[in-house]
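Letter by letter, the chains look like this.
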Amino acid sequence: MTHYKREVEIHKQVENNLVKRSSLSQTLVKQLNKKLKDLEAENKSLREQLEIDRTTLAEHSQQRSEKSREASDLPDPNEHKNQTRRLNN
C-alpha cells in the first residue's frame, strides 16, 4: 500500500510540474504573439511611410525636371550681349 501512495505522490508532483510548464509556455506564447503583432504593425507602418516617401520623391523629381525644362526654354540672358559683341567686332 505504501508503494501505491508513493506512486500517487510522484504522479501528483509530475502533474504539478506539467501544469507549471504548460502555464509558463502559454504565457510565453502569448507574449511572443503580442510581440509578433506589434512588429507586424510597425512593419506595415514603415512600409506605408516608405511608399509615401517614394511618391513624394517621385513628385519632387518630376517637378525639378519640369522646372529644368522650363528654364532651358527661356532665352539665355547673355545671348543678347554675345550678339552685340559679335556685331561690334
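As the structure is a prediction and not an experimental result, all values here were calculated from the model.

Reading the values: the criteria
- What you see as residue numbers is a count from 1 along each chain, following the sequence as written.
- Since the coordinates come from a predicted model, pLDDT governs what is reported: local features require at least 70, and pairs of side-chain atoms require 80 or more to be given and counted, while whole-chain, interface and lining totals use all residues.
- Here the side-chain values reflect all heavy atoms present in the structure, with hydrogen atoms and water set aside.
- Every helix listed is a DSSP run of H or I at least four residues long, and every strand listed is a run of E at least two residues long, numbered separately from the N terminus.
- Buried means the residue's accessible area, taken with a 1.4 Å probe over protein chains only, is under 20% of the maximum for its type, while exposed means over 50%, and partly exposed covers the values in between.
- A 1.4 Å probe and the Shrake-Rupley method give the accessible areas. Residues count as covered only by the protein chains that appear here.
- The rule for a salt bridge is simple: a side-chain nitrogen of Lys or Arg has to be within 4 Å of a carboxyl oxygen of Asp or Glu.
- Each patch is built from salt-bridge-free residues with over 30% relative accessible area, joining like charges within 9 Å and nonpolar side chains (Val, Leu, Ile, Met, Phe, Trp, Tyr) within 5 Å.

**Q** It is not clear to me how the overall build of the chain should be interpreted in this structure. Could you clarify?
**A** Check the secondary structure of the chain and you find 2 helices and 0 strands. The buried share among the 89 residues of the chain stands at 0%. For the chain, the computed accessible surface area is about 9000 Å², with 53% contributed by carbon and sulfur atoms.

**Q** Help me understand the pattern of salt bridges in this model?
**A** Pairs can form between side chains of opposite charge whenever their charged atoms are close. Overall, the coordinates contain 1 salt bridge when judged by the stated rule. A salt bridge links Asp38 to Lys34; its shortest N-O distance comes to 3.0 Å. Of this pair, Asp38 and Lys34 both sit in helix 1 (residues 2–73), 4 residues apart, roughly one helical turn. Overall, Lys34 belongs to the exposed group, its relative accessible area being 52%.

**Q** Can you help me understand a nonpolar patch on the surface in this one?
**A** A contiguous nonpolar patch, built from Ile10, Val14 and Leu18 and spanning about 240 Å² of accessible area, is present on the exposed surface. Following the sequence through the fold, Ile10 ends up in helix 1.

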